[in-house]
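# Report on the structure
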Amino acid sequence: APVVVTVRVRQNGGNWTLTVLAGGDLIAGPSTVDITSVSWTATPAPPYQNGTLSKTVAQRLASGTGNVNPAANGSVTFRLANSWLYSAGSYTQTLVFTLSAP
C-alpha cells in the first residue's frame, strides 16, 4: 500500500528538499536483504521523484522552491525486487524522512 508523505514549508524563500535514509538492510531474524533491492515510485511528479533506498546516503524523494503552505501530500509506493535468493520471513527496517530548507 502507498505511504502518504505530507510536506509543509513556511517562511522559506529558497529551495527545500525531502530525503529518505534507511537505517540498514532489511532484517528478518538472521536473514537480511540489501536495502538497495527496495525502490519506490512517488506521485505527484514534480515535486516527488522515483528512486532506490540507501543505508549510507540520504536519497532525494522530493524538492522544490519557496513555500508549500497549506501542506501537500505525496504518495510513495515501495517495491522489493523479486529474487529466489531471499529467505522467507517478515523483513523490517526503519526509514528516516528529513525535510530541509535553508
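Below: a short report on this structure. (Residues numbered from 1 in each chain as written. Predicted model: local features only at pLDDT ≥ 70, side-chain atom pairs only at ≥ 80, totals over all residues. Heavy atoms only, no water.)

## Quick notes on unusual backbone geometry
Filter applied, for reference: By definition, any uninterrupted DSSP run of H or I lasting at least four residues is a helix, any uninterrupted run of E lasting at least two residues is a strand, and each is numbered from the N terminus. Only protein chains enter the calculation, and the probe is 1.4 Å; a residue is then buried if its accessible area is under 20% of its type maximum, exposed if over 50%, and partly exposed in between.
Residue Pro47 follows Pro46 across a cis peptide bond; omega there is 15°. Residue placement: Pro47 occurs in the loop between β5 (38-43) and β6 (51-52). Residues other than glycine seldom take positive phi values, yet Gln11 does so here, at roughly 55°. Among the structural elements, Gln11 can be located in the loop between β1 (3-9) and β2 (15-22). On the basis of relative accessibility, which here comes to 81%, the residue Gln11 falls in the exposed class.

## Observations concerning the nonpolar core
Under the convention used in this document: To define a nonpolar core, start from buried Ala, Val, Leu, Ile, Met, Phe, Trp, Tyr and Cys residues and group those joined through side-chain atoms within 4.5 Å. The contact rule is simple, with two residues in contact once any of their heavy atoms fall within 4.5 Å.
Among the nonpolar cores identified, the biggest contains 19 residues, and Val7, Trp16, Leu18, Trp40, Tyr48 and Leu61 are the most heavily contacted of them. Secondary structure elements with two or more residues in this core: β1, β2, β5, β7 (59-65) and β8 (68-80). By residue number, the principal contributor to this core is β2, which donates 4 residues. What Val7 contacts, discounting residues up to four positions off in sequence, is Trp16, Leu18, Tyr48, Val68, Ala71, Ala72 and Leu99.

## Structural notes on the pattern of salt bridges
Condition: Salt bridges are defined by distance alone: a side-chain nitrogen of Lys or Arg within 4 Å of a carboxyl oxygen of Asp or Glu.
Considering all chains together, one arrives at 1 salt bridge under this definition. With a closest N to O distance of 2.8 Å, Asp25 and Lys55 form a salt bridge. With Asp25 in the loop between β2 and β3 (26-28) and Lys55 in the loop between β6 and β7, this residue pair connects regions lying 30 residues apart in the sequence. Residue classification places Lys55 among the partly exposed positions, given a relative accessible area of 40%.

## Section: the sheet that holds β7
Keep this limit in mind: Any two strands with at least two DSSP-identified bridges between them are counted as paired. Axes here refer to lines fitted to C-alpha atoms; in helices the fit is confined to the stretch in contact. Angles between the N-to-C directions go from 0 to 180 degrees.
The strand order across the open sheet built from 3 strands is β7-β2-β9, with neighbouring strands paired in antiparallel fashion. Bordering the open sheet on either side are β7 and β9 (95-100), each of which pairs with just one other strand. Neighbour-to-neighbour, the strand axes of the sheet open up by a mean angle of 10°, direction not taken into account. Here 6 bridges tie β2 to β7, and the two strands are oriented antiparallel to one another. Bridge pairing in β7 links Leu18 to Ala62.

## A look at the environment of Leu61
In this fold, Leu61 is placed in strand β7. Spatially, the C-alpha atoms of Leu61 and Tyr48 are 5.7 Å apart, while their sequence positions differ by 13 residues. Excluding anything up to four places from it in sequence, Leu61 contacts Leu18, Thr19, Trp40, Ala42, Pro47, Tyr48, Gln49, Val76 and Phe97.

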